[in-house]
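Observations on the three-dimensional arrangement
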Amino acid sequence: MSTTDLDALAARIPDGSRVAIPTSRHGVAMQATHALINRRVRDLHLVAVPTAGLQVDLLIGAGCVKTVESAGITLDEHGQAPRFVAAVKAGTINVLDTTCPALISAIQAGEKGIPFMPMRGLLGSDLLTHRRDYRVIDNPMASSGDPIVLLPAIVPDFALFHAPLADCHGNVWIGKARELMTMAHAARQTLVSVEEIIDTNLLHDELRSPATIPAPYISAVSVCEQGAWPLPLPDRYAADNDELCRYVLAGKTDSGFIDYLNKQHKPPSLSIAATA
Amino acid sequence: MTTATNQPGFSREELLICVIARLLQGVDHIAVGVSSPIPGSAALLARAIAPSTTRVTVLNSRDLQDLNDGVSELFDQAAQGRIGAFFLSGGQIDGSGNINLVGIGEYPKMTVRWSGSFGSALLYYLVPRVILFRDEHTRRTMVDKVDFISAPGRSDSGIYRPGGPRALVTNLCAFRYDKQRGRFHLESIHPGHTLEEVLDQTGFEFDKPDTIPVTTAPEPERLTLLRTQLAALIADPYPAFAERVWKITALAR
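All figures in this text were calculated on a predicted structure; none of them were measured in a lab.

Criteria and thresholds
Note on numbering: residues in each chain are counted from 1, in written sequence order. Here chains are named by letter from A upward and ligands by number from 1 upward, in the order in which they appear as written. pLDDT decides what is reported in this predicted model: residues at 70 or higher carry local features, side-chain atom pairs at 80 or more are listed and counted, and totals for whole chains, interfaces and linings draw on all residues regardless. Heavy atoms from the whole structure form the basis of all side-chain values; hydrogens and water molecules are not counted. Numbering of helices and strands runs from the N terminus; a helix is a DSSP stretch of H or I covering at least four residues, while a strand is a stretch of E covering at least two. Polar contact is defined as a pair of N or O atoms within 3.5 Å, subject to the rule that within protein one atom must be able to donate a hydrogen and the other to accept it, and that residues adjacent in sequence are counted only when both atoms are side-chain atoms. To sort residues, take the accessible area from a 1.4 Å probe on protein chains only and compare it with the maximum for the residue type: under 20% means buried, over 50% means exposed, and anything in between is partly exposed. For two strands to be treated as a pair, DSSP must find no fewer than two bridges joining them. Here is how to tell: hold the view so the strands point away, follow the path from the first strand over the helix to the second, and if it runs clockwise the crossover is right-handed. We call two residues contacting when some pair of their heavy atoms lies within 4.5 Å. Buried area is understood as the total, over both parts, of accessible area removed when two parts are fitted together, assessed with a 1.4 Å probe. What makes a salt bridge here is a side-chain nitrogen of Lys or Arg within 4 Å of a carboxyl oxygen of Asp or Glu, nothing more. Every axis corresponds to a line fitted to the C-alpha atoms, with the helix fit spanning only the stretch in contact, and the corresponding angles, defined between N-to-C directions, vary from 0 to 180 degrees. To define a nonpolar core, start from buried Ala, Val, Leu, Ile, Met, Phe, Trp, Tyr and Cys residues and group those joined through side-chain atoms within 4.5 Å. Where each domain begins and ends follows an automated or database-derived domain assignment. Aromatic rings from Phe, Tyr and Trp, with only the six-membered ring used for Trp, were paired whenever their centres fell within 6.5 Å, and each pair was classed as stacked if the ring planes differed by under 30 degrees, edge-to-face if by over 60, and tilted otherwise. Definition used: whenever NZ (Lys) or CZ (Arg) falls within 6 Å of the ring centre and also within 35 degrees of the ring normal, the charge is taken to sit over that ring.

**What to know about the environment of Asp-259 of chain A**
- Within the secondary structure, Asp-259 of chain A is located in helix H9 (residues 254-262).
- Separated by 92 residues in sequence, Asp-259 of chain A and Asp-167 of chain A have C-alpha atoms that sit 38 Å apart.

**Observations concerning the environment of Arg-188 of chain A**
All names here are of chain A.
- Within the secondary structure, Arg-188 sits in the loop between helix H7 (179-186) and strand E10 (189-198).
- Counting along the chain gives 59 residues from Arg-188 to Thr-129, while the straight-line C-alpha distance between them is 30 Å.
- Within the local environment of Arg-188, its side chain forms a polar contact with the side chain of Asp-157, the two groups lying 3.1 Å apart.

**Overview of unusual backbone geometry**
- The step from Val-49 of chain A to Pro-50 of chain A runs through a cis peptide bond, and the omega angle for that step is -5 degrees.
- Looking at the secondary structure, you find Pro-50 of chain A in the loop between strand E2 (44-49) and helix H3 (54-61).
- In this structure, the amide linkage connecting Tyr-107 of chain B to the following residue, Pro-108 of chain B, adopts the cis form with an omega of 5 degrees.
- Within the secondary structure layout, Pro-108 of chain B lies in the loop between strand E6 (103-104) and strand E7 (112-113).
- One non-glycine residue, Asp-146 of chain A, adopts positive backbone phi at about 60 degrees.

**Comments concerning the pairing of strand E3 (residues 65-70) of chain A**
All names here are of chain A.
- Among the six residues in E3, five count as buried, and that is most of the element.
- Note: E2 against E3, four bridges, orientation parallel. The residue of E3 that forms the bridge with Leu-46 is Val-68.
- Following the backbone out of E2, through H3 and into the adjacent parallel E3, one traces a crossover that is right-handed.
- Sheet topology places E3 next to strand E4 (residues 94-97); four bridges connect them, and they run parallel.

**A closer look at the interface of chain A and chain B**
- Every contact between the two is made by 41 residues of chain A and, on the other side, 36 residues of chain B.
- Together, Lys-89, Asp-97 and Arg-120 of chain A form the three largest contributors to the area buried by chain A at its contact with chain B, with a combined 16%.
- Close ionic contact of Arg-113 of chain B with Asp-97 of chain A constitutes a salt bridge, the shortest N to O distance being 2.8 Å.
- Between chain A and chain B we count 16 residue pairs in polar contact (both at pLDDT 80 or more) in total.

**Examining the sheet that holds strand E9 (residues 142-143) of chain B**
- Strand order across the open sheet formed by three strands is E5-E4-E9 (chain B), with mixed pairing between neighbours. The sheet is open, and its two borders are formed by strand E5 (99-100) and E9 of chain B, each paired with just one other strand.

**Considering the sheet that holds strand E6 (residues 135-138) of chain A**
Residue and element names in this part refer to chain A.
- Taken in spatial order, the three strands line up as E5-E7-E6 in an open sheet, and their pairing is antiparallel. Two strands close off the open sheet at either side, each with one partner strand: strand E5 (116-119) and E6. Geometrically, the sheet is characterised by an average inter-axis angle of 40 degrees between neighbouring strands, direction not taken into account.
- In terms of strand pairing, E5 meets strand E7 (residues 147-152) through four bridges, oriented antiparallel.

**Points about the pattern of salt bridges**
Residue and element names in this part refer to chain B.
- The final tally for this structure, using the stated rule, is 24 salt bridges over all chains.
- The partner of Asp-63 in a salt bridge is Arg-62, with the nearest N and O atoms 3.9 Å apart.
- By relative accessible area, Asp-63 is classed as partly exposed at 48%.
- Of the charged contacts, one joins Arg-222 and Glu-219 as a salt bridge, the two residues approaching to 3.7 Å between their closest N and O atoms.
- Glu-219 sits in the buried class, given a relative accessible area of 17%.

**What about the nonpolar core?**
- With 76 residues, the main nonpolar core has Leu-122 and Val-172 of chain A together with Phe-184 of chain B as its most contacted residues.
- Two domains share this core, each providing at least three of its residues, namely domain 1 (6-98 + 155-275) and domain 2 (117-152) of chain A.
- In this view, Leu-122 of chain A contacts Thr-99, Ala-102, Leu-127, Leu-128, Tyr-134, Val-149 and Leu-151 of chain A together with Ala-121 and Tyr-125 of chain B; residues no more than four positions away in its chain are not counted.
- If you look at the next biggest cluster of nonpolar residues, it comprises 49 residues, including Ile-21, Val-28, Met-30 and Val-65 of chain A.

**Re the packing of aromatic side chains**
All names here are of chain B.
- Under the definition given, this model contains ten aromatic pairs over all chains.
- Summarising the aromatic geometry, the rings of Phe-175 and Phe-184 are spaced 5.7 Å apart at their centres and angled 50 degrees between planes, so their arrangement reads as tilted.
- Take Phe-184: its relative accessible area is 0%, and that puts it in the buried class.
- Ring geometry for Phe-175 versus Phe-206: centroids 5.2 Å apart, planes at 70 degrees, classification edge-to-face. Residue Phe-175 is found in strand E11 (residues 173-178), and its partner Phe-206 is found in the loop between helix H5 (195-201) and helix H6 (220-234); the two are separated by 31 residues along the sequence. Side by side, Phe-175 and Phe-206 carry an identical accessibility label, which is buried.
- One aromatic cluster is present, formed by Phe-175, Tyr-177, Phe-184, Phe-204 and Phe-206 through successive ring pairs.
- The lysine or arginine in question, Arg-161, covers the ring of Tyr-124, its NZ or CZ lying 5.2 Å from the ring centre.

If you want it as structure tokens, here you go:
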């Protein structure tokens, strides 16, 4: 398998693409996101599966986003995502608000190649009022009545995430972040950055195979140590809270955000290694 | 706040934990979001009281969850009836039990924007015992009518809704939710607070008894449980909270 560098990975995503991204704690391709920002991608339609944070905030602040579909945009214990909030107030992005299980179900419909998925809940919520693409029908399996919401399938142009490892055949191991598998199944192309590539076949490993996305679903892999930094990667590293605090302060103003974006964004451990 | 002139012998957090724990009695599986230390502590207290019949899931914790099927598993469990109690909150909560997690003003270009509705538009309908908790009881948060309904307090007949709000607990008082009337009923006012204060800080109308009880103080044996056995356990998912309330850090693994 040949790998690609982050800039080449980012270059595969054209302006206007619909890109599915994972929740902040399950492996966000943060370094690839900086590469996307550097190539000045525009008009992205981001689909958070089902919530997002720093990644979306950076892309919004850098002017890369037209639409965000999510159940929540948050920096978690660091509070509100400042550029998201500013963009909503200014009316410069479209926001498709929904609820976590609706996003997951819609992606699952995409995975199954079916046109929609029904879901309980949502009736009487203003989320439903504002989602013209959602429909309500009477449950055809019930004797009468029983309204239920139908969610149109989501087939993303790309799934983009960061995983602990890939093997030399291009199979990608995701651990317990099972929705990454669903995203890869649903998306037309899946782009992944990984911490490392190992010389084995993960699909032959009985223990790791169930959490491995087979290579045919994967369009490109980049090796990028600490690729989720400053967000966490399960069982590898925790969030870099100092860096997230720096971002929260910087993101409060337009000028602070631009200054932050123009700095070099490397994990501290790698910066030290590079200068040693 | 609860800085009464005579020391009550328990903290505000301990009182709220014990109030919520009473609401969880008899629930087989309690699920909690990761940023909810007071409800999370109450769930762990409920489990300590009835260990053989109570299971607790704290989302995104390391040791307090038995989930491995990604972000959908909790919602699938709720839809199947595998979760007995959950906690929700709101930037605004209104007198009908509607909750707003989206923002203030006219959607979508709102004057105040919050994170979003998360799982509320499923969980509020399907989890039998949803407890609303908000640590800030003011006219800003307790409003007559929410600006955006993330999830409604009740649904028309004919809509599948096995779950919904059971109670609303705040830093001032505890309400029971009257499902038939779709209104809150004041159950008790916490020590150190008054009806006048509750009325002054509440933007919605609610029902109340002629005589309003003072919220029962924490049971001494439960306080002891919290301070001895549970504090270190609570420090695992909620380190900052446990440090602040009990001056304790998480047990080393």
